[in-house]
Amino acid sequence: MNILKEDVKKTYDLIGLRFSATRPHLSPEVISLLPALPPKAQVLDLGCGNGVLLTAFDRRSLGEGGPIDYTGIDFSPVLLHQASGLHPVGKFVLADIARKETWNNLGQFDLIVALALFHHLPSPDDHIKLLQNIKQHLNPTGSVLISVWNLNRPKFDRYRLDSKHLSIPFHNGPKRDFYAFSEDELSKLAKQAGFSDIKTKIVKDNYYLVLKTPVQNRAG
């Protein structure tokens, strides 16, 4: 089953305003998994949408340890327009993180976040390539937070296209294409990409991964 990422982009452009309205702040589960960051920490937010990640740092980090240096990347101009309006101090880039050239001018980051992103990429090959790019742009002492939906539940069965792919409407509107990860699939892919410090957390609706580079590659 060939799921086109371009179709996902078109869908998010169509639903962008309504989608943004449903994401006013970050969930407590995600906030609890964010690491403590030093002032001026470099943060990369992949598939940033309306910049909702910044709501957590506004509340927790900006008042405690000083501002972070945030870059958000998304391929939907509709969502980035929302992001820049909600968070005028953030840096937002219109680009497709699945394209190699997107990564050419990016530096190194203390935290890279990909929330509800990997499940829109259609194949393990796409997942591995993105994990490798993330690893190459992670500082030696940095960390990665990834979340994907748990789509292996009966309520999603009617949306299945095959054993791994689904097409799910947003509020009975345009459909979004998804890849259904098994419980440990993404952690195995992260290991293949070179991560060895892998922690997982499973909540009913989501799989979460916290990744770090191998210990021998970290400073100190």
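Residues numbered from 1 in each chain as written. Predicted model: local features only at pLDDT ≥ 70, side-chain atom pairs only at ≥ 80, totals over all residues. Heavy atoms only, no water.

**Some thoughts on unusual backbone geometry**
Positive phi is not limited to glycine here, since Ala 116 has a value of about 55 degrees. By the element assignment, Ala 116 lies in the loop between strand 4 (109-115) and helix 5 (124-136). We classify Ala 116 as partly exposed; its relative accessible area is 32%. (Helix = DSSP H or I, 4+ residues; strand = E, 2+ residues; numbered from the N terminus. Buried < 20%, exposed > 50% of the residue type's maximum accessible area, 1.4 Å probe, protein only.)

**Notes on the packing of aromatic side chains**
Scanning the model with the defined rule gives 3 aromatic pairs in all. Judged by centre distance (5.6 Å) and plane angle (65 degrees), the rings of Tyr 70 and Phe 92 are edge-to-face. Taken together, the residues Tyr 70 in strand 2 (residues 69-74) and Phe 92 in strand 3 (residues 91-94) connect sequence positions 22 residues apart. Phe 92 shares its class with Tyr 70; the two are buried. (Phe/Tyr/Trp six-rings, centres within 6.5 Å; stacked < 30°, edge-to-face > 60°.)

**Describing the pairing of strand 9 (residues 206-212)**
Burial within strand 9 is extensive, with 6 of its 7 residues counted as buried. Sheet topology note: the strand 5 (residues 138-149)/strand 9 ladder contains 7 bridges and is antiparallel. Of the residues in strand 9, the one forming a bridge with Val 148 is Tyr 207. Across 7 bridges, strand 8 (residues 197-203) lies against strand 9 in antiparallel orientation. Residue pairing in the sheet places Lys 201 in a bridge with Tyr 208 of strand 9. Taking the residues between adjacent antiparallel strands as the criterion, strand 8 and strand 9 are bridged by 2 residues. (Pairing = 2+ DSSP bridges.)

**Describing the packing of helix 5 against helix 6 (residues 185-192)**
The contact between helix 5 and helix 6 brings their axes to 9 Å, and the two run at 50 degrees. Our classification of the angle between helix 5 and helix 6 gives oblique. Viewed along their axes, helix 5 and helix 6 form a crossing whose handedness is right-handed. Here helix 5 contributes Pro 124, His 127, Ile 128 and Leu 131 to the contact with helix 6, which in turn contributes Glu 185, Leu 186, Leu 189, Ala 190 and Gln 192. (Axes fitted to C-alpha atoms, helices over the stretch in contact; angles between N-to-C directions. Parallel < 35°, antiparallel > 145°, perpendicular 65-115°, else oblique. Left-handed = near helix turned anticlockwise from the far one by under 90°. Contact = heavy atoms within 4.5 Å.)

**Regarding the pattern of salt bridges**
On inspection of all chains with the given rule, the structure shows 7 salt bridges. Note that Lys 129 and Asp 125 form a salt bridge whose closest N and O atoms lie 3.2 Å from each other. Linking Lys 129 with Asp 125, this pair stays in helix 5, spanning 4 residues, or about one helical turn. Since its relative accessible area comes to 46%, Lys 129 is described here as partly exposed. Asp 184 is the partner of Lys 188 in a salt bridge, and the nearest nitrogen-oxygen pair spans 3.3 Å. Residue classification places Asp 184 among the partly exposed positions, given a relative accessible area of 36%. (Salt bridge = Lys/Arg side-chain N within 4 Å of Asp/Glu carboxyl O.)

**Examining helix 4 (residues 77-86)**
Every buried residue belonging to helix 4 is among Leu 79, Leu 80 and Ala 83, and all of these are buried. The arc that holds the buried residues of helix 4, viewed along the axis, is 100 degrees, so those residues lie on one side. Along helix 4, exposed side chains directed more than 90 degrees from the buried face belong to His 81 and Gly 85. (Arc of directions from axis to C-beta.)

**Quick word on the pairing of strand 3**
Two strands pair when backbone bridges link them, and strand 2 and strand 3 are joined in this way by 4 bridges, in the parallel orientation. Looking at strand 3, one finds that Thr 71 is bridged to Lys 91. After leaving strand 2, the chain enters helix 4 and then returns to the sheet as strand 3, a path that is right-handed. (Right-handed = clockwise from strand over helix to strand, strands pointing away.)

**So, the sheet that holds strand 8**
One open sheet accounts for 7 strands, arranged 3-2-1-4-5-9-8; its pairing is mixed. The outermost strands of the open sheet, each flanked by one partner alone, are strand 3 and strand 8. The average angle at which neighbouring strand axes cross in this sheet is 15 degrees, direction not considered. Relative to the sheet, helix 4 contacts strand 2 and strand 3, its axis offset from that of strand 3 by approximately 170 degrees. Here helix 5 sits on the sheet in contact with strand 1 (42-46), strand 4, strand 5 and strand 9, set at roughly 150 degrees to strand 5.

What is shown is where atoms sit, not what they do.
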